[in-house]
Amino acid sequence: MNLTTFQPYGRAALFIFLVTCLTACQTKSGNGTYETYVVDKGNIETWESTAGVVEPANEVLLLSPATSIITSILKEPGQEVKEGEVILVLNTKEVEDKIEQLNDQLAVMQNNLEKTRLEARSNKADLSHNIETKKLKISSIKSVIADQEQLLEVGGISPAKFDETKQQLVLAEKELQLVQQKSAIKLQQLAADEKGLLLQIEIKQKEIEQQKELLTQLQVKAPSDGIILAIHGKKGEKIKGDELLVNLSDLTRFKIKATLDAKHKDMVSTGKRAYVLVDNTRLAGRIGSIMPTIEDGNLQFSVHLSNSQHPKLIPNQKVDLQIVERARYDVLRLKKGAMITNKKVQHVYVVNGDSAHQRELTLGLVTDEYIEVTGGLEEGDEVVISTVSPVGKASSVNVEKLKK
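Residues numbered from 1 in each chain as written. Predicted model: local features only at pLDDT ≥ 70, side-chain atom pairs only at ≥ 80, totals over all residues. Heavy atoms only, no water.

Chemist: In this structure, what is going on with the overall build of the chain? I would like to understand it.
Modeler: Looking only at helices and strands, the chain features two helices and 21 strands. For the chain, the residues scored as buried account for 38% of the 404 residues in total. Within the chain, contacts between residues at least 6 apart in sequence are counted, and of these 72% link residues at least 24 apart. (Helix = DSSP H or I, 4+ residues; strand = E, 2+ residues; numbered from the N terminus. Buried < 20%, exposed > 50% of the residue type's maximum accessible area, 1.4 Å probe, protein only. Contact = heavy atoms within 4.5 Å.)

Chemist: What should I look at first to understand the nonpolar core in this one?
Modeler: Considering soluble globular proteins, one finds that nonpolar side chains tend to be buried as a cluster. Counting residues in hydrophobic clusters, the biggest one holds 27 residues, and the most contacted among them are I87, L88, L90, I228, L245, V246 and L248. Those elements that place two or more of their residues in this core are β5 (40-63), β8 (86-90), α1 (93-154), α2 (159-217), β10 (226-231) and β12 (244-261). Take this core: its biggest share by element is six residues, from α1. Setting aside residues no more than four positions away along its own chain, L248 makes contact with N58, E59, V60, V81, A222, P223, S224, G226, I227, I228 and L229. (Core = buried A, V, L, I, M, F, W, Y, C linked by side-chain atoms within 4.5 Å.)

Chemist: Got a minute to help me understand the pattern of salt bridges in this structure?
Modeler: Under the counting rule described, the total for this entry stands at 11 salt bridges. The salt bridge partner of R328 is E372, with a shortest N-O separation of 3.4 Å. Taken as a pair, R328 in strand β16 (residues 318-335) and E372 in strand β19 (residues 370-375) lie far apart in primary sequence, 44 residues in all. (Salt bridge = Lys/Arg side-chain N within 4 Å of Asp/Glu carboxyl O.)

Chemist: Would you mind showing me how to read the pairing of strand β14 (residues 281-295) here?
Modeler: Regular strands have side chains that alternate between both faces of the sheet. Where strand β13 (residues 273-278) and β14 come together, six bridges link them in antiparallel fashion. Bridging across to β14, L277 finds its partner in R282. The pairing of β14 with strand β15 (residues 298-305) spans six bridges and is antiparallel. For E295, the partnering residue across the bridge sits in β15 and is N298. (Pairing = 2+ DSSP bridges.)

Chemist: Any chance you could explain the sheet that holds strand β11 (residues 238-239) here in plain terms?
Modeler: Sheet architecture is open: four strands sit in the order β9-β8-β6-β11, paired in antiparallel fashion. Taken across any chain shown, the strands that pair with only one partner, and hence form the sheet edges, are β9 (219-221) and β11. Sheet topology places strand β6 (residues 68-73) next to β11; two bridges connect them, and they run antiparallel. Note on β11: the bridge partner recorded for I69 is K238.

Chemist: When you look at the side chain of K255 in this model, what are you seeing that I'm missing?
Modeler: Within the secondary structure layout, K255 lies in strand β12. For K255, the contacting residues outside a window of four places in its chain are V53, V54, E55, P56, A57, S302, V303 and H304.

Chemist: Would you mind showing me how to read the confidence of the model for the chain here?
Modeler: Detailed reading of the predicted coordinates is not advisable wherever pLDDT is low. Here the chain averages 85 in pLDDT, while 88% of its residues score no lower than 70. Low pLDDT, under 50, characterises residues 400-404; the stretch is placed with 16 contacts to residues that sit more than four places away or in other chains. (pLDDT = per-residue confidence, 0-100.)

Chemist: I'm lost on the pairing of β13 in this one. Help?
Modeler: What sits between β13 and β14 in their antiparallel hairpin is a turn of two residues, with D279 showing a positive phi close to 50°. Two elements, β13 and β16, share four bridges in a ladder whose sense is antiparallel. Bridge pairing links L277 to D320 in β16.

Chemist: What is the right way to look at the environment of G42 in this model?
Modeler: Summarising the element assignment, G42 is placed in strand β5. According to the relative accessible area criterion, G42 is buried, its value standing at 11%. In the structure, G42 is positioned 287 residues away from Y329 in sequence and 6.3 Å away in space, judged by C-alpha atoms. Setting aside anything within four residues of it in sequence, one finds G42 in contact with R328, Y329, D330, V331 and R333.

Chemist: Looking at this model, I keep getting lost on the side chain of S68. Mind explaining?
Modeler: The residue S68 is located in strand β6 in this model. A distance of 2.9 Å separates a polar side-chain atom of S68 from the backbone oxygen of N91. (Polar contact = N/O pair within 3.5 Å; in protein donor to acceptor, adjacent residues only side chain to side chain.)

Chemist: What's the story with unusual backbone geometry in this structure? I'm lost.
Modeler: Phi is mostly negative for residues that are not glycine, and the peptide bonds are mostly trans. One non-glycine residue with positive phi stands out, namely D242, at about 70°. Positionally, D242 belongs in the loop between β11 and β12. What makes D242 exposed here is its relative accessible area of 61%. Backbone geometry at D330 places phi at a positive 60°, although glycine is not the residue there. Residue placement: D330 occurs in strand β16.

This is how it looks when you write it as structure tokens:
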């Protein structure tokens, strides 16, 4: 630890204080305790203290997933529930019947698909056979034409007969072309039929999955930890789809319900900074909604926290609240000490190497903990903020660093 002694010029008294570069510090000697602080940048705030109560930040509304009948109610208003716990159960018969009906329709579609695929295989075989038959006929006619050409040369066949055979070849080739075109069209139709059936099957499967999901939703469960605020309906009562079933508070996020003496109402406005003190932990927040009426001389409002899921927050817990009244943010500041008064202009000792010199200081906002530095000091200046033994009116003092 580094210790520093400093002595006013022309005075015999010895002063000892702790030197630091970051925070305030203290040490003791026979002559007293001295404290310095390094000027830094930060926030300065003043606030009005009040009280509040922790309550759930959100209310969850659970709607009926379908038109149905309430068959059982497992939880009552005021009871706590955990995430996933069943609150009430709706009748499942209608949905189960629907799933059975859809499964039957799906089985018929899958059977039709199998029949279509078998028909496609049969048609492909027939078409292939027809094409091969036409090709064989053309090959046979070409063979006849070759023979007839030789006979025509020796006069064994008339030109008319030869021309007739050639016409037969032209007709056979056109028939083959027509069969091939029809075959391609037929195969495209069969492929389209199969694709259409596959699409219908996919749609039907999705409908079944949706109904199965709906079946699970007929067990109305808590989406998060919470408290049942209200249940709308009785056992045996028929309810419509999207009708409100349950009001549930969400115990995963919290806000503060606060009150403040009405005489301070001018300092409460939506969006204003506030702090909540919970077991020596300070949580930042902002003022939310403000009640328009004053009850018993108090103004009621809510505070929404930056960390609304902090583990120290407990429902109905009473907490202290600080409403920011005046503030300066990211300004030069100096910790308040015995040698720092509330005067707007004053003199302080600034440590510089082996000496400490008086410097004129001008202040801005003054709080119980910090003062805003508006002139005379810079960030990093080390200032003597308190001392038990008086320094007097010396304009500067000697500084001697000692090792301990």
